[in-house]
Amino acid sequence: MPGYDFDIGILGGGSAGLTVAAGAAQLGAKTLLVEKEKELGGDCLHHGCVPSKTLIRTAHVYHLMKNANQFGLPAVEVKPVDFREVAKRIQSVIRVIQKHDSEERFCKLGARVRIGEPRFVDEHAIRLNGETLSAKTWVIATGSSPSIPPIEGLDKTPHITNREIFSLEGLPKTMIVLGAGPIAIEMAQAFCRLGTRVSVIQRSNQILSKEDKDMADQVMHVLSNEGVVLHLNASVISTKDLGTEREVLIKTGEGETISLKSEMILVAMGREANLGALGLQDIGVEFDRKGLTLDERLRTGHKHIYGAGDVTGTYLFTHAAGYEGSIIISNAIFHLPRKVNYTFLPWCTYTNPELASIGMNEKMAKAAGIEYSVWSEEFKDNDRSLAEGEGIGKIKMLLDEKEKPIGIQILGSRAGDLVSEWVAVVNGKVKLSTLASAVHPYPTLGEINKRVAGTFLSNKIFSEKVKKGLRFFFHLRGRACGQDVD
Ligand SMILES: Cc1cc2nc3c(=O)[nH]c(=O)nc-3n(C[C@H](O)[C@H](O)[C@H](O)COP(=O)(O)OP(=O)(O)OC[C@H]3O[C@@H](n4cnc5c(N)ncnc54)[C@H](O)[C@@H]3O)c2cc1C
């Protein structure tokens, strides 16, 4: 076996790459981490999760200020938002988290970090800044970029993506959002709350198209009530730069052509894997626009070259990237064959209310031909939600024929946190009776989890059969009020 420079080489220092690098280095593998940007952290830290959630929080506080009178407080006259201040707060949060993802920290863990743009020269070696570096195992974790669709005129019309939106010089007065996936919808609500007049253009008949329509429609109604204008069943024909404004021509479901104008266009129409610059075609690694061709152990056609994170083209989330990183550690470092299993991969869209999901929703269950029953509870019946002024939303629990949970969706305040209890339930195969009988603190939003399990079980507990048995053994005498009173 030839002597390689490194045991493992990782391309991309984002969520997936950092997970593999930290794990491999701490387990004693001679680890190389190559990142193209000056700083580690990837999209999640610099242009994704962290800035978006920081912005969403700022927008939420501003929204509460504007609605102070709904909480029994004096109405507040709020000043317009200076987006440069918002951007400063975003950068300050990124700076704190950056320390966890610094070159120094990874060096302390034992990984060698190199900045540059690598290209494979053969199956085991890359060319980087004029040097050739080889490794026994490689991991491709170069993430994804916003996909810019071939819309007529878009290449000549100024527009922004998630890479620019968190560092704008000022708050746009108007914004057209192309797309209605999680990124588009989170940003639409946040900017609308900050004072931008936002329009969203969506090709299909619902926003957040992976979600069940009833849940997504509730999110849409919240956005719409807050002032976001939504154009569903609308396709973008062309865009044009009008100087101070941009024009977007759309065709509605009724076949009408409408001209929309705004100061800014946000393109959020999906993602493309960052794979083009790595020389993969030269070494026979298969990929397309969405991602790498991988087996269940995340290996490419060359069994020593793995892929993790957004380059898999499957679940584009930071926690998915981390999970995939851990699968690679098992396979490549421990040599334990471990396959990915996304059955219970949770996710959340951080609108207010949030929409979180784990396992199958109704759309997925129908597509898979699975018989299921739905049990649900509404947040308007949860005491804490009412106290918080957050009574919108519900939980939906899907059970299969054997009455086992196959999926849970939660639409409500803090849904992303609430779904964590279900992460433990479904992964730990916890019985619904255990969840329903476990004491939860009162008053909490989390009681809705216990309650939906209890609603399902109460049908069994309070059945005629049980009542008959108790009457027979313990001589219970039935109703004391209402019909059939003795
Ligand atoms: C606006 C927005 C909000 C999001 N919010 C959430 C959220 O709330 N929760 C969630 O779970 N996910 C969220 N995501 C998704 C999340 O950011 C990604 O799924 C995650 O970052 C993927 O990790 P990764 O390691 O695959 O890619 P990245 O984190 O992007 O890392 C890839 C790294 O590779 C580097 N790279 C690229 N090309 C090369 C090259 N040729 N050579 C060397 N290095 C290269 C990049 O510079 C980058 O550092 C959000 C995404 C966006 C855009």
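Residues numbered from 1 in each chain as written. Predicted model: local features only at pLDDT ≥ 70, side-chain atom pairs only at ≥ 80, totals over all residues. Heavy atoms only, no water.

## Structural notes on the pairing of strand β6 (residues 131–140)
Working step 1: Among the 10 residues of β6, seven are classified as buried, and the element is accordingly described as predominantly covered.
Working step 2: Bridging between strand β5 (residues 125–128) and β6 involves four bridges; their strand directions are antiparallel. Residue pairing across strands places Leu128 opposite Glu131, the latter belonging to β6.
Working step 3: Here β5 folds back onto β6, and the loop between the two strands holds two residues, one of which, Asn129, carries a positive phi near 50°.
Working step 4: Direction of pairing for β6 relative to strand β16 (residues 305–307): parallel, over a ladder of three bridges. Bridge assignment links Trp138 to a residue of β16, and that residue is Ile305. (Buried < 20%, exposed > 50% of the residue type's maximum accessible area, 1.4 Å probe, protein only. Helix = DSSP H or I, 4+ residues; strand = E, 2+ residues; numbered from the N terminus. Pairing = 2+ DSSP bridges.)

## A look at the sheet that holds strand β10 (residues 229–231)
Working step 1: The four strands lie next to each other as β10-β9-β8-β14, forming an open sheet whose pairing is parallel. Edge positions in the open sheet fall to β10 and β14 (264–267), since each of these has one partner strand only. Shown here is a sheet whose adjacent strand axes are inclined to one another by a mean of 20°, direction ignored.
Working step 2: Where strand β8 (residues 174–178) lies against strand β9 (residues 197–201), five bridges are found, and the strand directions are parallel. Residue Ile176 lies in a different strand from β9, and its bridge partner there is Ser199.
Working step 3: Packed onto the sheet, helix α6 (residues 182–194) meets β8, β9 and β14 and runs at close to 160° relative to β9. (Axes fitted to C-alpha atoms, helices over the stretch in contact; angles between N-to-C directions. Contact = heavy atoms within 4.5 Å.)

## Side note on the packing of aromatic side chains
Working step 1: Tallied over the full model, the rule gives nine aromatic pairs.
Working step 2: Ring geometry for Phe120 and Trp138: centres 5.5 Å apart, planes at 80°, overall edge-to-face. Of the two residues, Phe120 sits in strand β4 (residues 119–122) while Trp138 sits in strand β6, which places them 18 residues apart along the sequence. The same class applies to Phe120 and to Trp138, which are both buried.
Working step 3: Pairing Phe473 with Phe474 gives two aromatic rings, centres 6.3 Å apart and planes at 50°, and the pair type is tilted.
Working step 4: Put simply, the rings of Tyr315, Phe317, Tyr323, Tyr342 and Trp347 touch in pairs and so form one group of aromatic residues.
Working step 5: The ring of Phe6 carries Lys30 above its face, with NZ or CZ at 5.2 Å from the centroid.
Working step 6: One cation-aromatic arrangement involves Arg105 over Phe106; the distance from NZ or CZ to the ring centre is 5.2 Å. (Phe/Tyr/Trp six-rings, centres within 6.5 Å; stacked < 30°, edge-to-face > 60°. Lys NZ or Arg CZ within 6 Å of the ring centre and 35° of its normal.)

## What about the environment of Gln218?
Working step 1: Following the sequence through the fold, Gln218 ends up in helix α7 (residues 213–226).
Working step 2: Taking relative accessible area as the criterion, Gln218 reaches 26% and is therefore assigned partly exposed.
Working step 3: Distance in space between the C-alpha atoms of Gln218 and Pro353 is 9.2 Å, their sequence separation being 135 residues.

## Focus on the sheet that holds strand β13 (residues 257–262)
Working step 1: Across the sheet, which stays open at both edges, the three strands sit in the order β11-β12-β13 with antiparallel pairing between neighbours. Because the sheet does not close on itself, it has two edges, and the strands there are β11 (235–241) and β13. Taken over all neighbouring pairs, the strand axes of this sheet differ in orientation by 20° on average, direction set aside.
Working step 2: The pairing of strand β12 (residues 246–251) with β13 spans six bridges and is antiparallel. Residue pairing for β13: Leu249 is matched across the bridge by Ser259.

## Overview of the site of the ligand
Working step 1: Contacts to the ligand come from 34 residues, most closely from Ala16, Glu35, Lys53, Asp310 and Thr318.
Working step 2: Contact between the ligand and Glu35: an oxygen atom at 2.6 Å from a side-chain N or O atom of the residue.
Working step 3: Here His319 contributes a side-chain N or O atom positioned 3.3 Å from an oxygen atom of the ligand.
Working step 4: Out of a free accessible area of 990 Å², the ligand has 93% covered by protein chains.
Working step 5: Elements that contribute at least two residues to the shell around the ligand include exactly α1 (15–26), β2 (31–35), α2 (42–46), α3 (49–66) and α8 (318–333). (Near = heavy atom within 4 Å. Polar contact = N/O pair within 3.5 Å; in protein donor to acceptor, adjacent residues only side chain to side chain. Areas by Shrake-Rupley, 256 points an atom, 1.4 Å probe, with all protein chains shown as cover.)

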